[in-house]
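# Fold and contact review
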Amino acid sequence: MISTTWGTSFPTSRQEESSSFLDGFLSSLVAIKSAHVPEKIEVGVRSQGLTDAEVDEKKRMATALRLSLADEVYLEDSCITHDLRESQALTSTEISMLALIQSSAGHVSEDLCGVLDAVDWDMVAIPKERKQSTLKVTLRFMGKGKPLPDPDPWT
Amino acid sequence: MQSSRYPWFEVARGDVLEQGDILPDCPIFIAPGDLDVDALEKAASLSSVRFDCHRFDVIVMSQTCDLVKGREKVQEILLCPLFQRSDFETGELSRADGWEDARKGRFPAYHVIAACTLGDHPADPKVVDFRRVFSLPLSFSRNFASLCEERVRLLPPYRGHLSQDFARFFMRVGLPVDIPPFK
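Below, the structure is looked at part by part. (Residues numbered from 1 in each chain as written. Chains lettered and ligands numbered in written order. Predicted model: local features only at pLDDT ≥ 70, side-chain atom pairs only at ≥ 80, totals over all residues. Heavy atoms only, no water.)

## Let's talk about the interface of chain A and chain B
Contact with chain A, which involves 21 residues of that partner, is made by 32 residues of chain B. When chain A packs against chain B, close to 2,400 Å² is buried across both sides, 59% of that on carbon and sulfur atoms. Linking chain A with chain B are three salt bridges. Across the pair Asp52 of chain B and Arg140 of chain A runs a salt bridge, and its minimum N-O distance is 2.8 Å. Viewed at the interface, chain B and chain A are joined by twelve residue pairs in polar contact (both at pLDDT 80 or more). Grouping the amino acids of the side of chain A that touches chain B by side-chain chemistry returns ten nonpolar, six polar and five charged. As defined by bridge partners, strand β5 (residues 137–144) of chain A adjoins strand β3 (residues 49–60) of chain B across seven bridges and the pair is classed as parallel. When the sheet's bridge partners are listed, Thr138 of chain A is paired in β3 of chain B with Arg50 of chain B. (Contact = heavy atoms within 4.5 Å. Buried area = accessible area lost by both parts, 1.4 Å probe. Salt bridge = Lys/Arg side-chain N within 4 Å of Asp/Glu carboxyl O. Polar contact = N/O pair within 3.5 Å; in protein donor to acceptor, adjacent residues only side chain to side chain. Nonpolar A, V, L, I, M, F, W, Y, C, P; charged D, E, K, R; others polar. Pairing = 2+ DSSP bridges. Helix = DSSP H or I, 4+ residues; strand = E, 2+ residues; numbered from the N terminus.)

## Details of the pairing of strand β7 (residues 134–137) of chain B
All names here are of chain B. Burial along β7 is one-sided: Phe134 and Leu136 are buried, while Ser135 and Pro137, pointing the other way, are not. With four bridges connecting them, strand β4 (residues 76–84) and β7 associate as antiparallel partners. Note on β7: the bridge partner recorded for Glu76 is Pro137. (Buried < 20%, exposed > 50% of the residue type's maximum accessible area, 1.4 Å probe, protein only.)

## Focus on the packing of aromatic side chains
All names here are of chain B. With the rule as written, the count across this model stands at twelve aromatic pairs over all chains. Between Trp8 and Tyr158, the ring centres sit 4.0 Å apart and the planes meet at 15 degrees, which makes this aromatic pair stacked. One end of the pair, Trp8, is in the segment before β1 (9–13); the other, Tyr158, is in helix α4 (residues 158–171), and 150 residues separate them in sequence. Each member of the pair, Trp8 together with Tyr158, is buried. Their ring planes at 80 degrees and their centres at 5.9 Å tell us that Phe83 and Phe88 sit as a pair that is edge-to-face. For Phe88, a relative accessible area of 7% puts it in the buried group. Taken together, the ring pairs in this structure connect Phe56, Phe83, Phe88, Phe107, Tyr110 and Phe134 into an aromatic cluster. (Phe/Tyr/Trp six-rings, centres within 6.5 Å; stacked < 30°, edge-to-face > 60°.)

## Points about a nonpolar patch on the surface
Together, Val137, Leu139 and Phe141 of chain A together with Phe29 of chain B make up a nonpolar patch on the protein surface, roughly 390 Å² of accessible area in all. Of the residues forming the nonpolar patch, the biggest block, three residues, is contributed by β5 of chain A. One can find Phe29 of chain B in strand β2 (residues 21–30). A relative accessible area of 37% means that Phe29 of chain B is categorised as partly exposed. (Patch = residues over 30% accessible without salt bridge, like charges linked within 9 Å, V, L, I, M, F, W, Y side chains within 5 Å. Areas by Shrake-Rupley, 256 points an atom, 1.4 Å probe, with all protein chains shown as cover.)

## Some thoughts on the environment of Ile113 of chain B
All names here are of chain B. The residue Ile113 is located in strand β5 (residues 110–113) in this model. The exposure class assigned to Ile113 is buried, which follows from its relative accessible area of 3%. Distance in space between the C-alpha atoms of Ile113 and Trp8 is 8.6 Å, their sequence separation being 105 residues. The residues contacting Ile113, other than those within four sequence positions of it, are Trp8, Phe9, Ile22, Leu82, Pro125, Lys126, Val128 and Leu154.

Structure (structure tokens):
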């Protein structure tokens, strides 16, 4: 299972049968924390004009990119025991993305490569955690408000 | 100008707000224009921030159906300020002919509403200024309305007319090449 420090939802629009690993992988990621005010970042992959291989590559790149934005990414050993699809060689761009994750989080193992290959989706929505803080405000009382000057009221 | 068949206004009480409700001397909180956005990210580094609190006569622009108690669709209410002619020291609306132009709809930013002749709430004609749109928490606005005891409410179809002009102000399109005037 890959878990992140912020909630992630992965709605799948496909109706085709998914592997038990995929179900577990997706369900483990649906954990939007109520404390967050999520900002959705949606990544849609347009497949028009692309080969299936190119679409798959773009999906994996999008996944790696989104995961690279997480504060931390943890890969638990349990997921690599699931039945993964036959993995494909990663492109240099995808490897670079994963390097970003490792450099910033330091918790990603090489087995993430295989996990990414097993994921197949059309859209990824990732809420961004908003930090809460308190702002001290002092009020300056200005009295009755005046209208703005109207240099050009015709506009 | 108070037709008994199609009155412009009625008196409202309590915390049930509708589009067209006029809230007199409503506090409006405005953030400073030079607020340090970077410092906001690190709120601890700010000792305090000064907000200005103005008082405006405002009119509720939010749709009534969005404000129904128990079925609120919004958390904040939209308000626009109201001014009378004496509030304008210069410019078109300081003059009667300017108000006539506004009444005819020639100023997209303004909408004129009639004088109020309700017994305890007489008022001169006012203009709604769409160039300033305020928002306040709905709950705060309800509490404030309750404290007003009585307030004036703009009735349909006049408030629909206002709402239509409000929408028109925000959807207006400036043509790059306009049709020449007809002579």
